[in-house]
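Coordinate analysis (summary)
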Amino acid sequence: MNLDDAVSRASAALQRHQRPDGHFVFELEADATIPAEFVLLLHYFARPNPALEAKIGVYLRDIQGGHGGWPLFHDGAFNLSASVKAYFALKMIGDDIHSPHMVRARAAILNAGGAERSNVFTRVQLALYGEIPWAGVPVMPIEIMNLPRWFPFHISKVSYWSRTVMVPLLVLMAHKPQARNPRGIHVAELFRTTPDHIRDWIRGPYRSGWARIFKHVDRVLRVIEPHLPSRGHARAIATAEKFVSERLNGEDGLGGIFPAMANAMMMFDTLGVPENDPRVVTGWQALHKLLVIDGDRAYCQPCLSPVWDTSLAGHAIAEADGASDAACAWLRDRQILDVVGDWKLARPDAPPGGWAFQYNNDFYPDVDDTAVVGMLLHRADPDTNATAIARARDWIVAMQARDGGWGAFDADNNHEYLNHIPFADHGALLDPSTADVTARCVSFLCQIGFAADHPTVARALKWLRAEQLHDGSWFGRWGTNYIYGTWPVLCAANAAGIAPTDQAMARATAFLHATQREEGGWGEDNETYAGAPPGRYPCCTPSQTAWALLGLMAAGQANDPAVARGISWLVTAQKADGEWDEAPYTAVGFPRVFYLKYHGYRLFFPLMALARYRRLQNGNDRRVAWGF
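About the thresholds
Residues numbered from 1 in each chain as written. Predicted model: local features only at pLDDT ≥ 70, side-chain atom pairs only at ≥ 80, totals over all residues. Heavy atoms only, no water. Helix = DSSP H or I, 4+ residues; strand = E, 2+ residues; numbered from the N terminus. Buried < 20%, exposed > 50% of the residue type's maximum accessible area, 1.4 Å probe, protein only. Expected span 1.5 Å × (residues − 1). Polar contact = N/O pair within 3.5 Å; in protein donor to acceptor, adjacent residues only side chain to side chain. Core = buried A, V, L, I, M, F, W, Y, C linked by side-chain atoms within 4.5 Å. Contact = heavy atoms within 4.5 Å. Pairing = 2+ DSSP bridges. Phe/Tyr/Trp six-rings, centres within 6.5 Å; stacked < 30°, edge-to-face > 60°. Salt bridge = Lys/Arg side-chain N within 4 Å of Asp/Glu carboxyl O.

This paragraph deals with unusual backbone geometry. Positive phi, normally seen in glycine, also occurs at Ala-46, with a value near 55°. For Ala-46, the location among the structural elements is in the loop between helix H2 (33-44) and helix H3 (50-62). The phi torsion at Asp-412 lies on the positive side, around 60°, for a residue other than glycine. Its place among the elements puts Asp-412 in the loop between helix H15 (386-398) and helix H16 (435-447). When its relative accessible area of 11% is taken as the criterion, Asp-412 is described as buried.

Turning our eyes to something else, we now look at helix H14 (residues 367-380). Here H14 contains 14 residues, and its C-alpha end-to-end distance of 20 Å stays within 8% of the 20 Å for a straight helix at 1.5 Å per residue. Of all 14 residues in H14, 13 are buried; the element is thus mostly enclosed. The opening residue of H14 is Asp-366, an N-cap whose side-chain oxygen sits 2.8 Å from the backbone nitrogen of Asp-368.

Turning our attention to the nonpolar core. Counting residues in hydrophobic clusters, the biggest one holds 219 residues, and the most contacted among them are Leu-14, Trp-406, Met-553 and Phe-605. A per-element tally of this core places helix H22 (residues 601-618) first, with eleven residues. Leave out the neighbours within four places in its chain, and Met-553 touches Ala-558, Val-563, Ala-609, Arg-612, Tyr-613, Leu-616, Arg-622 and Val-624.

Structurally, the position occupied by Ser-159 is in the loop between helix H6 (120-128) and helix H7 (160-175). Apart from residues no more than four positions distant in its own chain, Ser-159 is found in contact with Asp-410, Asn-413, Ala-428, Leu-429, Leu-430 and Asp-431.

Looking now at the sheet that holds strand S1 (residues 28-29). Taken together, the three strands give an open sheet; going across it, the order is S1-S5-S4, and neighbouring strands pair in antiparallel fashion. Looking along the sheet, the strands with just one partner apiece sit at the ends: S1 and strand S4 (587-590). With two bridges joining them, S1 and strand S5 (residues 594-598) adopt antiparallel strand pairing. Across the sheet, Leu-28 pairs through a bridge with Tyr-598, a residue of S5.

As a further point, take the packing of aromatic side chains. If you walk through the whole model with that rule in mind, you get 33 aromatic pairs. Seen from their ring centres, Tyr-160 and Tyr-364 are 4.5 Å apart, and the 25° between their planes marks the pair as stacked. With Tyr-160 in helix H7 and Tyr-364 in the loop between helix H13 (325-332) and H14, this residue pair connects regions lying 204 residues apart in the sequence. The same class applies to Tyr-160 as to Tyr-364, namely buried. When the ring of Phe-475 is compared with that of Tyr-529, the centres are 5.5 Å apart and the planes differ by 90°; the resulting orientation is edge-to-face. A residue pair is termed long-range when its members are at least 10 positions apart, and Phe-475 in the loop between helix H17 (455-467) and helix H18 (482-495) and Tyr-529 in the loop between helix H19 (503-515) and helix H20 (542-554) qualify at 54 residues. Since its relative accessible area comes to 35%, Phe-475 is described here as partly exposed.

Moving on, we come to the pattern of salt bridges. Per the counting criterion, the structure on display carries 29 salt bridges. Taking the shortest distance from any N to any O, the salt bridge between Arg-9 and Asp-5 comes out at 2.9 Å. Of this pair, Arg-9 and Asp-5 both sit in helix H1 (residues 3-15), four residues apart, roughly one helical turn. Close ionic contact of Arg-279 with Asp-277 constitutes a salt bridge, the shortest N to O distance being 3.0 Å. We classify Arg-279 as partly exposed; its relative accessible area is 24%. You can call Asp-277 buried: its relative accessible area is 16%. Among the charged side chains, a salt-bridge network with shared partners connects Arg-163, Lys-242, Glu-246, Arg-247, Asp-342 and Asp-410.

Here you go:
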């Protein structure tokens, strides 16, 4: 095993992807849903693009599963909602419904209960095309925009991603527009029951008693919504339009995420905003910016990840003793110092100082990105970056939740009852504290000098200890899954000076030892979010192997044979060009609903693990010196 050669080739491979201005951005892939919705959006506006749609069609056919439908991730199980949208898009593109792949898809959809049993967002899409009546979606009155903050449901009580998607959607649900649909494409064949005859659109299984209560609330709202005062209705629509317009982000779009951008475009259209309005012109540019076109194949990304990619790449390059100056300079220029975002409602006294995930998303800086960027800037040059680090520190400290942890974008966004309203059948309306984000905040604060007994850190460590699961792992909210959740907590414990012999540390490393595969690496299935055994997958993956290794090394086990075996697997799996292949998805947007594949993960993390192992083996101290 030539470790030096592996590190050199991996570092060179990663740096080949660096842009001239110093930043990195890799593809961010989801499932069939986003590219299918892109096609449907074009036809909603009667703006078909046959050449582009043909390429998206190639992509959709390529990722169709052996079960006949479409999964939420590589080799995943059939998913009804993704399959309904993919089928609809392919039919819109021009695929013959009698062709074998369409026959198999239709059979799988009908066998799963038909399109009528798809999720709320899919049913909204179907209502926009007139495939189902608007009675098929939960009632969400636009008057929600007029509610006071103390009310049990307020737009500030849901997560940033829910907020930016819902606000323009409320306008659509108020006006109930119909897609132009110039080719007159419909999908009546996907329903087991004629939509006009369905009376139980909103039904179980219910996750709690709250859901049954909210179903009755929905029934009441259906009766009273048409009789709500017109003055309040108009004021609510104006408030929604103002909310969206203030947060458009230019060519990076509302919230920087496709669903919000698409809803905003349909909202403007519904309100009669002309096509030459700058908001509309720029909105189309933002949507097209998400496209990945590669030869005869194309898909639409859910968002772009340049700040996340650049900060992770910078850490990997720094660990390999490379120069990260250009990446740091690019990141430093993107710190949000003047815009007061939605987080201000929960933390009115907090000074801005975070980073967003995307190129521009100033209203919604990301706590996780801010901690990771802060650690990189501190490692690279604490003096030059002192002001940026201090602003990041102050914002992160202010964003700590009352429970001691951190969410990704908001503080105390944990009104769990809202995950049981009929609209939230995806169960991901909120942004509560998570172990992975909390751990990285602890790592950042400790790296810049906070002690374990500092009140902010002590509260966070107490919360993390309480969140440890019986098998020693932590749940991974933003990556797959228990391996991802365990790795940053071990890094945080190390940064805070907690001894490897600590019971929590020992239990966590035992989990990683128990889940190591015979080949030497690690892998974990996204089905673990649906009850599959934690930390297991039919094969090893480069990114998850690296996470496990980084966790074990942070826990003082650099000399353990398990680490040597994992390093050996990474070296063996490395290709001649210095990169690694990784087909499985190893990240998550919303558990059980929306999964992600960061195309850079197969490069950042293996390099970081190999370089860190080399550093620890060559040095006199086996303790990891950095928080990340």
